[in-house]
Amino acid sequence: MAFIQTPNASASEKTTSMYASAEASYGYLPNMYRAFGHRPEVMECWAALLSSIRSHMSLRRYELVTLAAAKELKSSYCMLAHGSVLLREGFTSDGLTAVVNETEKAPIDAGERAIMTFAAKVARDATSVTQQDVDGLKKHGLSDAEIFDVTAAAAARCFFSKMLDALGAAPDHAYMERLEPNVRKALSVGREVERPLAPSPSRGTSQ
């Protein structure tokens, strides 16, 4: 699932704890946690950073910002993960697909559309952001602090998405099983979804 050999659960106490916590939360060990198996303390710091960023935003706004940044970064893993959250939070399959494809039928308002456009620009080329872009968000009612939050969420996504793709972490097989084909296709903007491996007594479960 990765370009590097990922450690097994007994590699260190922190790795063991991280893997166990992830399996308890997801029902399986996601590839993103395997990718950070050598440095679980980095994943711990990442989680703390995300928590601080999300604490000032509604879940809907955070997920839309993240989706826009992940699409710009061509991160299938993050698109599938955060698209799945939006589906759980009330978006229909057609509605989510419309958001990803940026059609007029997307169930988002003008302010949310502007926020997603801004987030994509941050992820694509932050040096291209201008005062006009920021003022545009203010016209939709965002405060300076809220613009900071949107920028932080988009910029932070660059770290995580690029780490996963550079290490070759494939999107989890769970997305193949749980998402409708049309939704999965829309969200798969980069690496393909990993297919489940056939059981093999010679293959370790942690590799």
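A short tour of the structure in this document, coming up. This is a predicted model, so every value here is computed, not measured. Numbering of residues begins from 1 in every chain and follows the order in which that chain's sequence is written. Whole-chain, interface and lining totals are the exception, using all residues; otherwise, since this is a predicted model, local features are given only for residues with pLDDT of at least 70 and side-chain atom pairs are given and counted only at 80 or more. Only hydrogens and water are set aside; all other atoms, that is, all heavy atoms of the structure, feed into the side-chain values.

Focus: the packing of aromatic side chains
Selection criterion: Geometry of aromatic contacts follows a simple scheme: Phe, Tyr and Trp rings, the Trp one being its six-membered ring, pair when their centres are within 6.5 Å, and the pair is stacked under 30 degrees between planes, edge-to-face over 60, tilted otherwise. For helices the rule is a DSSP run of H or I covering at least 4 residues; for strands it is a run of E covering at least 2, with both sets numbered from the N terminus onward. For the exposure calls, accessible area comes from a 1.4 Å probe over protein chains only, and a residue counts as buried if that area is under 20% of its type's maximum, exposed if over 50%, partly exposed in between. Counting as a charge over the ring demands two things of the Lys NZ or Arg CZ atom: a distance within 6 Å of the ring centre and an angle within 35 degrees of the ring normal.
In total, this model carries seven aromatic pairs according to the counting rule given. Each ring, one from Phe36 and one from Phe160, has its centre 5.6 Å from the other, and the planes form 20°; the classification is stacked. Highlighted residues: Phe36 in the loop between α2 (31-35) and α3 (40-54) and Phe160 in helix α9 (residues 144-166), separated in sequence by 124 residues. Residue Phe36 shares its accessibility class with Phe160, and that shared class is buried. Ring geometry for Tyr77 against Tyr175: centres 6.5 Å apart, planes inclined by 75°, an arrangement best described as edge-to-face. Residue Tyr77 is found in helix α5 (residues 76-88), and its partner Tyr175 is found in helix α10 (residues 174-178); the two are separated by 98 residues along the sequence. You can call Tyr77 buried: its relative accessible area is 2%. Taking relative accessible area as the criterion, Tyr175 reaches 10% and is therefore assigned buried. Site record: aromatic cluster; members linked through ring pairs are Phe36, Trp46, Phe159 and Phe160. The aromatic ring of Tyr62 is capped on one face by Arg54, whose charged end is 5.5 Å from the ring centroid.

A closer look at the pattern of salt bridges
For clarity, the cut-off: Salt-bridge detection follows one rule: a side-chain nitrogen of Lys or Arg within 4 Å of a carboxyl oxygen of Asp or Glu.
Counted according to the given criterion, the structure contains seven salt bridges. Here Glu102 makes a salt bridge to Lys71, at a shortest N to O gap of 2.9 Å. Remark: Lys71 occurs in helix α4 (residues 59-72) and Glu102 occurs in the loop between α6 (93-100) and α7 (110-125); sequence separation between them is 31 residues. The class for Glu102 is exposed, based on a relative accessible area of 58%. The partner of Asp133 in a salt bridge is Lys121, and the shortest N-O contact between them spans 2.8 Å. In this pair, Asp133 is assigned in helix α8 (residues 131-139) and Lys121 in helix α7, connecting sequence segments twelve residues apart.

Quick look at the nonpolar core
A general tendency of soluble globular proteins is for nonpolar side chains to be buried together. Definition in use: Side-chain atoms within 4.5 Å are what join buried Ala, Val, Leu, Ile, Met, Phe, Trp, Tyr and Cys residues into a set we call a nonpolar core. Here, two residues are considered to be in contact whenever any of their heavy atoms come within 4.5 Å of each other.
One finds Val65, Leu67, Leu96, Val99, Phe160, Leu164 and Leu187 to be the most contacted residues of the largest nonpolar core, which totals 61 residues. Top element by residues in this core is α9. It accounts for nine residues. Excluding its chain neighbours within four sequence positions, the residues that come into contact with Leu67 are Met79, His82, Gly83, Leu86, Leu96, Val99, Val100, Met116 and Leu187.

As for α4
To keep things clear, this is the line we draw: Under the convention used throughout, the expected extent of a helix is 1.5 Å for every residue step, that is, one less than its residue count.
The first and last C-alpha atoms of α4 sit 20 Å apart over 14 residues, in line with the 20 Å expected at 1.5 Å per residue. Those residues of α4 that sit buried are Tyr62, Glu63, Leu64, Val65, Thr66, Leu67, Ala68, Ala69 and Ala70. Remark: Lys74 follows α4 within two positions and exhibits a positive phi of approximately 55°.

A few points about unusual backbone geometry
Positive phi outside glycine occurs at Lys74, with the angle close to 55°. With a relative accessible area of 57%, Lys74 lands in the exposed category. A positive phi angle is found at Glu102, which is not glycine, with a value near 55°.

Observations concerning the side chain of Arg184
The line we're drawing: Neither His nor the chain ends is counted toward charge; the positive residues are Lys and Arg and the negative residues Asp and Glu. Identification of polar contacts relies on pairs of N or O atoms within 3.5 Å, with a donor-acceptor requirement for protein atoms, meaning one able to donate a hydrogen and the other able to accept it, and with residues adjacent in sequence counted only if both atoms are side-chain atoms.
Summarising the element assignment, Arg184 is placed in helix α11 (residues 181-187). Despite being buried, Arg184 has no salt bridge partner; Glu180 is the closest side chain of opposite charge, sitting 9.3 Å away. Polar side-chain contacts of Arg184 include one of 3.2 Å to the backbone oxygen of Met176. Polar side-chain contacts of Arg184 include one of 3.2 Å to the backbone oxygen of Leu179. Excluding anything up to four places from it in sequence, Arg184 contacts Leu80, Tyr175, Met176, Leu179 and Val193.

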